[in-house]
Amino acid sequence: MGLIAFGVGLHFTIQANIGVFPWDVLNLGISKQTGIQYGNVSVMVSLCVVIIDLLLKEKIGFGTVIDALIVGKTVDFCNWIGLVKLQSNLYAGIGLMFVGLFIMGFSQFVYMRSGLSCGPRDALLVAMGKRFRKVPIGFVNVGIMAVVLAIGFVLGGPVGIGTLISVLCTGPIMQLAFTIVKFVPLDVEHQDIITSCRVLMGKDLMGKE
């Protein structure tokens, strides 16, 4: 449910029509330079992020895989049913962008607390947060987004005022959402795929039935 809500929020930010999210700036920039379709670029970028997560010793679980499958399909479904029309007014677009960001912020609390490991990008956020514990997790997220945006911009990805809003506001909005629900993502003990499989087979962590 959290990932579906996140996909709905992402759909809102896209339909705002004032600039794409930083990760999409990167994906579209790579697509422009290589001629590879956007979807294929997105998969490759996700796999690269997973490798970085593993190098940072962050757990990869069912949640990581489900994230890659559910969010994009939710956006496609929202587009198919025409949930929100493409905005043509700047102020309406800005408003819709903020609505989407708030939905995404609260939805991250929902799916991250499940403990089935984060999505590729969230796992990266948690891994970096563990290494900069004195910095609020929301501002760590701002740093990651800024780096991704810079690379995407150099590659020719589309950047607009909505991109600037998402870079500056996604982290603080997420931090606000976590504060409201009193959620500390670094305190969540995530299961990797192997552990989850053992649980599904009815075994505890010691291998007993």
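These figures come from a predicted structure and were not determined experimentally.

A.B. asks: Talk me through the overall build of the chain; I want residue IDs and the actual numbers.
C.D. replies: Helices and strands together make up the secondary structure of the chain, namely nine helices and zero strands. Along the chain direction, N to C, the helices and strands of the chain fall in the order α-α-α-α-α-α-α-α-α. A compact globule built from 209 residues should have a C-alpha radius of gyration of about 17 Å, and the chain, at 17 Å, falls within 12% of that. Once the C-alpha set of the chain is aligned to its principal axes, its extents read approximately 60 × 40 × 40 Å. Every one of the 209 residues in the chain was classed for burial, and the buried ones make up 45%. For the chain, restricting intrachain contacts to residue pairs at least 6 apart in sequence, the fraction spanning at least 24 positions comes to 81%. Surface exposure of the chain reaches about 11200 Å², of which carbon and sulfur atoms provide 70%. In the chain, 15 side chains carry a positive charge and 11 a negative one; their mean positions are 4 Å apart.

A.B. asks: Which residues make up the nonpolar core, and what values go with them?
C.D. replies: Ranked by internal contacts, the top residues of the largest apolar core, which has 42 residues, are Trp23, Leu101, Met112, Ile144 and Phe178. Elements supplying a minimum of two residues to this core: α1 (2-15), α2 (22-34), α3 (38-55), α4 (62-81), α5 (90-112), α6 (120-131), α7 (137-154) and α8 (161-180). Sort the elements by how many residues they give to this core and α5 lands first, with seven residues. Methionine 112 has contacts with Cys118, Val126, Phe178, Phe183, Pro185, Val188 and His190, leaving out every residue within four places of it along the chain.

A.B. asks: Can you explain the packing of α1 against α4? Please cite residues and give values.
C.D. replies: Relative orientation of the contacting elements α1 and α4 amounts to 50 degrees, with a least axis distance of 8 Å. By the criterion of interaxial angle, the relationship of α1 to α4 is oblique. Seen along the crossing, α1 lies across α4 with a hand that is right-handed. Across from Leu3, Ile4, Phe6, Gly7, Val8, Leu10, His11, Ile14 and Gln15 in α1, the residues of α4 making contact are Ile66, Asp67, Ile70, Val71, Thr74, Val75, Cys78 and Asn79. Its residues placed into classes, the contact of α1 with α4 shows eleven nonpolar, five polar and one charged.

A.B. asks: Can you explain the pattern of salt bridges? Please cite residues and give values.
C.D. replies: For the structure shown, the criterion picks out one salt bridge. Glutamate 58 serves as the salt-bridge partner of lysine 130, at 3.4 Å between the closest nitrogen and oxygen. A residue pair is termed long-range when its members are at least 10 positions apart, and lysine 130 in helix α6 and glutamate 58 in the loop between α3 and α4 qualify at 72 residues. Since its relative accessible area comes to 35%, lysine 130 is described here as partly exposed.

What counts, and at which threshold
Residues numbered from 1 in each chain as written. Predicted model: local features only at pLDDT ≥ 70, side-chain atom pairs only at ≥ 80, totals over all residues. Heavy atoms only, no water. Helix = DSSP H or I, 4+ residues; strand = E, 2+ residues; numbered from the N terminus. Rg over C-alpha atoms; globule rule 2.2 N^0.38 Å. Buried < 20%, exposed > 50% of the residue type's maximum accessible area, 1.4 Å probe, protein only. Contact = heavy atoms within 4.5 Å. Areas by Shrake-Rupley, 256 points an atom, 1.4 Å probe, with all protein chains shown as cover. Lys, Arg positive; Asp, Glu negative; His and termini not counted. Charge placed at Lys NZ, Arg CZ, Asp CG, Glu CD. Core = buried A, V, L, I, M, F, W, Y, C linked by side-chain atoms within 4.5 Å. Axes fitted to C-alpha atoms, helices over the stretch in contact; angles between N-to-C directions. Parallel < 35°, antiparallel > 145°, perpendicular 65-115°, else oblique. Left-handed = near helix turned anticlockwise from the far one by under 90°. Nonpolar A, V, L, I, M, F, W, Y, C, P; charged D, E, K, R; others polar. Salt bridge = Lys/Arg side-chain N within 4 Å of Asp/Glu carboxyl O.

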